Amino acid sequence: MFLGLAGLGALGIAFGARAQAIIGDVAGSGLGGLLPGGDRFRIYSITGTYPAIAPTAYRLKVSGLVERPATFTLADLEAMPRTKLARDFQCVTGWRVPDVHWEGVRLSDLLDSVGLRPEASALSFESYDGADTESLTLDQARLPDVLVAYRMLGAPVTTEHGGPVRLYVAPMFGYKSLKWLSAIRVVDQVEPGFWEQNGYPVNGWADGSTGLTDPRAS
Ligand SMILES: Nc1nc2c(c(=O)[nH]1)N[C@H]1C(S)=C(S)[C@@H](COP(=O)(O)O)O[C@H]1N2
Ligand SMILES: [Mo]
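What you see is a predicted model, and the numbers here were worked out from it, not measured in a lab.

Asks: Residues and numbers for the side chain of E103, please.
Replies: Looking at where E103 falls in the secondary structure, it is placed in strand β4 (residues 96-106). Judged by relative accessible area, E103 falls into the buried class, the value being 14%. If sequence neighbours within four positions are ignored, E103 has contacts with R82, T83, K84, L147, A149, Y150 and R151.

Here's what the structure looks like:
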């Protein structure tokens, strides 16, 4: 279904119609380049609502092909080694926010803490919104700039940005950074997530290798 995608440039057209309908309420949804007045986040929610999760009520369940299934509180995550990084945040629809600061636990560190079984080869992510799902291969999940993030923009991740805890996959387009992260299942093969079922590439590299246009190049 991605035949002819490379080189199209007009991302909104290249992607699946359903995905485009979902993001279609974003003004001028970036067909062909950066939006005027860029450099700011658009807030996305598939469901149209933001799940409100008190920091003390937050839980992250890690299950599947792991040695020690576990449930993490926010305090548990904050007590683990902290990784900080700053990157540009890029949505495939053409907006980009430069130099966004993030803090959280490396997904790799979290996986080490539960231990993986030999058959483990991919991860499936679930959201408190009950709608968004995501996937990564184990190799992608192990990259040093993939975080289970609890701080963003110099403050706790806000509800609208997916707080208390969201995924942040720095090398990929924004749709891989699932908000309101509720569960991680370790599985034996990639299960394409919500955006992928609606036409986005499973491997959402933001470096041009997906055949998608990097907003910086527009
Ligand atoms: N749960 C959930 N996570 C999500 C989305 C969503 O609709 N729901 N949208 C994705 C997309 S397409 C992008 S570009 C980013 C946007 O992040 P922001 O809403 O914090 O700007 O969130 C990603 N994570
Ligand atoms: Mo996006």
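Asks: Help me get a handle on the sheet that holds strand β5 (residues 122-127), residues and values and all.
Replies: Either a parallel or an antiparallel arrangement is found when strands of a sheet pair, and the pairing is made through backbone hydrogen bonds. Pairing is mixed across the open sheet formed by five strands, whose spatial order is β2-β1-β10-β5-β6. The outermost strands of the open sheet, each flanked by one partner alone, are β2 (70-73) and β6 (133-137). Each adjacent strand pair in this sheet contributes to an overall mean axis angle of 20°, direction not counted. As judged from the five bridges shared by β5 and β6, these two strands associate in the antiparallel manner. Residue pairing across strands places L123 opposite L136, the latter belonging to β6.

Asks: Report on the pattern of salt bridges, specifying residues and quantitative values.
Replies: By the definition in use, this model includes ten salt bridges. Here E103 ties to R82 by a salt bridge, and the two come within 2.8 Å at their closest N and O atoms. Remark: R82 occurs in the loop between α3 (74-79) and β3 (83-90) and E103 occurs in strand β4; sequence separation between them is 21 residues. The partner of E126 in a salt bridge is R185, with the nearest N and O atoms 2.9 Å apart. Here R185 lies in strand β10 (residues 181-187) and E126 lies in strand β5, a separation of 59 residues in the sequence. Counted as one network, the salt bridges with shared partners bring together R82, E103 and R151.

Asks: Could you give an account of the packing of aromatic side chains, naming the residues involved and the relevant values?
Replies: This structure, assessed with the given rule, holds twelve aromatic pairs. Measuring from ring centre to ring centre gives 5.9 Å for Y44 and W95, while their planes differ by 70°; the resulting arrangement is edge-to-face. Here the residue Y44 occupies a position in the loop between α2 (17-23) and β1 (59-64), and W95 occupies one in the loop between β3 and β4, the gap between them amounting to 51 residues. This pair shows no difference in class: Y44 is buried, exactly as W95 is. Residues W195 and Y200 carry aromatic rings whose centres are separated by 5.3 Å and whose planes lie at 40° to one another, so their mutual orientation is tilted. When sorted by exposure, W195 lands in the same class as Y200, which is buried.

Asks: Could you give an account of the environment of T73, with specific residues and numbers?
Replies: Mapped onto the elements of the fold, T73 is located in strand β2. Of the residues examined, T73 reaches a relative accessible area of 22% and is grouped as partly exposed. In sequence terms T73 and T56 are 17 residues apart; their C-alpha atoms lie 7.5 Å from each other. What T73 contacts, discounting residues up to four positions off in sequence, is Y58 and R59.

Cut-off values and rules
- Residues numbered from 1 in each chain as written.
- Chains lettered and ligands numbered in written order.
- Predicted model: local features only at pLDDT ≥ 70, side-chain atom pairs only at ≥ 80, totals over all residues.
- Heavy atoms only, no water.
- Helix = DSSP H or I, 4+ residues; strand = E, 2+ residues; numbered from the N terminus.
- Buried < 20%, exposed > 50% of the residue type's maximum accessible area, 1.4 Å probe, protein only.
- Contact = heavy atoms within 4.5 Å.
- Pairing = 2+ DSSP bridges.
- Axes fitted to C-alpha atoms, helices over the stretch in contact; angles between N-to-C directions.
- Salt bridge = Lys/Arg side-chain N within 4 Å of Asp/Glu carboxyl O.
- Phe/Tyr/Trp six-rings, centres within 6.5 Å; stacked < 30°, edge-to-face > 60°.

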